[in-house]
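In case you want the letters, here they are:
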Amino acid sequence: MTRSLADATVVITGASSGIGAATAYALARRGTSVVLAARTEAALRRVAEHCRELGGQALVVPTDVTDPEAVESLAALAAAEFGRIDAWVNNAAVGTVGLFDEIPVAEFRRVVEVNLLGTVHGIRAALPWLAAAGGGVLVNNASVLAEVAMPYQSAYNATKHAIRGLADTVRQEMRVTGRADISFCTVLPATIDTPFFRHAANHTGRELTPPPPVYPPELVAETIVRLLRRPRREAYAGGAARLLGLQWRLAPALAERVLGWYTARTQFGPGARLDATGNVFTPDAAAERTDGWSGRRGQLLRLTAAFGLAAAGTAVGTVAAINRRSRSGR
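Below or above, wherever it landed, is the structure these notes cover.

Some words on the pairing of strand E2 (residues 33-37)
Okay, step 1: Counted residue by residue, E2 has five buried out of five residues, so it is predominantly covered.
Okay, step 2: Bridging between strand E1 (residues 9-13) and E2 involves five bridges; their strand directions are parallel. By the bridge assignment, Val10 is partnered in E2 with Val34.
Okay, step 3: In the classification by handedness, the crossover that spans E1, the intervening helix H1 (residues 18-28) and the parallel E2 is right-handed.
Okay, step 4: Pairing analysis gives four bridges linking E2 to strand E3 (residues 57-60), with the strands arranged parallel. Across the sheet, the residue bridging to Val35 is Leu59, located in E3.
Okay, step 5: In this fold, E2 hands off to helix H2 (residues 41-53), which returns the chain to E3; that crossover is right-handed.

Right, dumping it as structure tokens:
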């Protein structure tokens, strides 16, 4: 059944920049009341102001998603302000980039606390309010790295795989306990033009850049809007994400090698960088929707990378077909 977003109330975590801010704007254009949560109040207020300019209502609730009591309070404040919660988007995330054995344990733990436990806290806080509203939708932003993997991103990869598995499990529980009126959706974006790489902790000694193809955050925002209107289990955002997932399923060993080689050479720029903790522990005050990668240069990178990924996909499909023939004795 198609759901109306006009007059609905949607809570968004990680709403101060990137995908979260783009999603808030997309919903505000549709008359949705958005509840904006992140660690930085000033950035949230700038996002809220633009939401109101677009025709939506907005409530700012500074929240650290690693604190379960704070997330429970977020849900209560949202319901008190707008009378109900119709949907919840778990989007807050941080990252630390480096070789697995060189990432500080404290940073690895913090990534797990924000990305995975933040999602856990969001689900637990949202469920009773969605049930009270007669049902609703819960969207988890899991990234295509919930299905595939890339080097130097062990903490992020681990949390995104876990988020996908968590959503699948809770969805099953909703069905077997007669609560199927609450939909669990997982969105799997490709590389998105957000400040994520600039804000991530960096232990590589090199400048971080997003591996192309790079897509604008509005692509993910519109995917989330579609899931809120017509929920389904999973949705890719960006053609590269769908292609990578297909390659990984057809020939996982080869796809792992190809993607490892590709991303190890494309997620670093020419500059050198000292070790930095980024926004893992301390939030950034800016409210930036993008980092400028999806402009003209980003379009060229998308086109170039699409040819490369398509070639890799052809190779993966060919090898998989050969393997199937050899196993069948033909």
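Now, onward.
Quick look at the sheet that holds E3
Okay, step 1: Read across the sheet, seven strands follow the order E3-E2-E1-E4-E6-E7-E12 without closing on themselves; strand pairing throughout is parallel. Each end of this open sheet is capped by a strand with a single partner; those strands are E3 and strand E12 (234-237). In this sheet, neighbouring strand axes are inclined to one another by 20 degrees on average, regardless of whether the strands run parallel or antiparallel.
Okay, step 2: Contacts from helix H5 (residues 154-176) reach strand E6 (136-141), strand E7 (182-189) and E12 within the one sheet, and its direction differs from that of E7 by about 160 degrees.

Some details on the packing of H1 against helix H7 (residues 217-229)
A pair of packed helices is characterised by two quantities: the angle between their axes and the separation of those axes.
Okay, step 1: Contact geometry of H1 with H7 gives a least axis separation of 8 Å together with a crossing angle of 55 degrees. Comparing their axes, H7 and H1 come out oblique. H1 and H7 meet at a crossing whose hand is right-handed. Contact residues: Gly18, Ile19, Ala22, Thr23, Ala26 and Leu27 in H1; Pro217, Glu218, Val220, Ala221, Glu222, Ile224, Val225 and Leu228 in H7.

Focus: the pairing of strand E4 (residues 87-90)
Okay, step 1: Burial along E4 is two-sided: Ala87 and Val89 and Trp88 and Asn90, pointing in opposite directions, are all buried.
Okay, step 2: As judged from the three bridges shared by E1 and E4, these two strands associate in the parallel manner. Among the inter-strand pairings, Ile12 is bridged to a residue of E4, identified as Val89.
Okay, step 3: As paired strands, E4 and E6 are joined by four bridges and run parallel to one another. Residue pairing in the sheet places Ala87 in a bridge with Val137 of E6.

Reading the values: rules and limits
- Residues numbered from 1 in each chain as written.
- Predicted model: local features only at pLDDT ≥ 70, side-chain atom pairs only at ≥ 80, totals over all residues.
- Heavy atoms only, no water.
- Buried < 20%, exposed > 50% of the residue type's maximum accessible area, 1.4 Å probe, protein only.
- Helix = DSSP H or I, 4+ residues; strand = E, 2+ residues; numbered from the N terminus.
- Pairing = 2+ DSSP bridges.
- Right-handed = clockwise from strand over helix to strand, strands pointing away.
- Axes fitted to C-alpha atoms, helices over the stretch in contact; angles between N-to-C directions.
- Contact = heavy atoms within 4.5 Å.
- Parallel < 35°, antiparallel > 145°, perpendicular 65-115°, else oblique.
- Left-handed = near helix turned anticlockwise from the far one by under 90°.

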